[in-house]
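Here's the letter readout for the chains.
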Amino acid sequence: MLKNKNILICVTGSIAAYKSCEVVRLLRKEDVNVQVMMTPSAQKFVGKASFAALTNNEVITDIFPDSPKAGLEHIEMALELDAIVIVPATANILCKAASGVADDIISTNLSVCEQPTLFVPAMNFRMWQNPATMDAVEKLRERGRIVMDPEMGKLASLHEGEGRLPAIDTIMNSIRSLFKHELPLLGKKVLVSAGPTREAIDPVRYISNRSSGKMGYALAEVARDLGAKVTIVSGPVSLPPIPEVEMVMVENAIEMLSALENSLDEQDADYLIMAAAVADFQPANPSGEKLKRSNIVASLELVSAPDILKTINSQTEASIIAFALETQNGTAEAKRKMADKGADFIVLNYANEAGAGFESNTNRVQIFSKSGAEKELKKDRKDRIAKRIFDFILLDKNR
Ligand code: CTP
């Protein structure tokens, strides 16, 4: 399982630092490529020559090395690593990582890297129980970092308490579990609609909205990573296609409706995610020729576009996730729409909030389920919001 993985071992300044040599040795025995980083205080406990010999690699200790790449190593690492293990992890590094402090080689890396990260704490029991450390651990866990609990026992200071580095085999098992990817959507089909629609007035003009498609694309990507077979029916967006996702590009609401119907006909979906911002109205008689400015207003008659979700909700057994974009009375409107559109879940976002809604790379949403559960997801990048939307849905379905 660990063979040929690239693992970064970060050693911080605890008396348990010498035990991380054993972790590195065992990883090397399993053919792991190990890169070690040490803080200056870690080097007071163990010399970097030990790790260099064990890993056959240079040990990184300096954020501003005197080398041609000066300082850029950590950016490269962010791209190539499979996992990061901080062993031993001091109270200092836990608190810095939780607060995003980046003032040494290890904390800087932790603030750049998004790979699975395991903290293996070892410290005096009072430090572990310090409320600041406890808060930091909670924050890191909330953000998906794995923080092991230290073991009870006699500490280096000869005090009894919780603070000992966990046993080496427990650490190795936790490292292995970083690579056990759960695929809760394996064998499931997820159908996503995304982006805006464009309703033609004539060959050059159209009615549309500000949707960028980013939220729908992020959901499609997360569904793929969770093991699903994903189809995305997308209005015009300027996002690149998503690898391993079937992309069906459409222009207007009628095309989007029929593309979704075709996909459901071919194979019913397990999840239908209506993230598209479908136009609510369309020109009654789009012109084949470019209209003259003088007669556009007089000739522009609008009719309702099909309500796609209301049309297809009876054609599928899928769990339906709708979206509601509101500027006021969000909760009440979202719950009303969930019932009105026959959805099982609805994700509410606000159009009039900085860093949320349509064009933004971030979002803040609330999610409601038919079963009455609800959760607010604080402002975050859309890909992370997408992951947490799936976490909520899967949890609610398993309840
Ligand atoms: N929707 C749809 N077809 C439409 C309009 C919306 O399927 N013609 C879907 C959206 O994809 C979304 C949900 O319905 O999942 C709610 O969309 P929203 O635009 O918030 O609701 P509307 O029904 O358009 O209501 P209003 O614009 O009046 O708020």
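About the thresholds
Residues numbered from 1 in each chain as written. Predicted model: local features only at pLDDT ≥ 70, side-chain atom pairs only at ≥ 80, totals over all residues. Heavy atoms only, no water. Core = buried A, V, L, I, M, F, W, Y, C linked by side-chain atoms within 4.5 Å. Buried < 20%, exposed > 50% of the residue type's maximum accessible area, 1.4 Å probe, protein only. Helix = DSSP H or I, 4+ residues; strand = E, 2+ residues; numbered from the N terminus. Near = heavy atom within 4 Å. Polar contact = N/O pair within 3.5 Å; in protein donor to acceptor, adjacent residues only side chain to side chain. Areas by Shrake-Rupley, 256 points an atom, 1.4 Å probe, with all protein chains shown as cover. Nonpolar A, V, L, I, M, F, W, Y, C, P; charged D, E, K, R; others polar.

## Points about the nonpolar core
Membership of the largest hydrophobic core comes to 35 residues, with the highest contact counts inside it found for Leu185, Val190, Ile273 and Ile389. Elements with a minimum of two residues in this core: strand E8 (189–194), helix H10 (214–225), strand E11 (229–234), strand E13 (271–274), strand E16 (319–326), strand E17 (345–350), strand E18 (362–369) and helix H15 (382–398). Counting 31 residues, the second largest nonpolar core, distinct from the first, contains Leu2, Ala17, Val32 and Val87.

## Some points on the site of the ligand
Neighbouring the ligand are 15 residues; Met274, Ala276, Leu309, Lys337 and Lys341 lie closest to it. Between the ligand and Ala276, the relevant distance is 2.8 Å, taken from an oxygen atom to a main-chain nitrogen or oxygen of the residue. Phe323 has a polar backbone atom sitting 2.9 Å from an oxygen atom of the ligand. Taking 580 Å² as the accessible area of the ligand by itself, protein coverage stands at 77%. Looking at the shell around the ligand, the elements with two or more residues in it are helix H13 (308–312) and E16. Looking at the shell around the ligand, the element that brings in the most residues is E16, giving 4 residues. A per-class count over the shell around the ligand returns 11 nonpolar, no polar and 4 charged.

## Here we look at unusual backbone geometry
Residue Val87 is joined to Pro88 through a cis peptide bond whose omega torsion reads -5 degrees. Take Pro88: it is sitting in strand E3 (residues 83–89). Positive phi outside glycine occurs at Asp31, with the angle close to 60 degrees. The residue Asp31 is located in the loop between helix H1 (17–29) and strand E2 (33–38) in this model.

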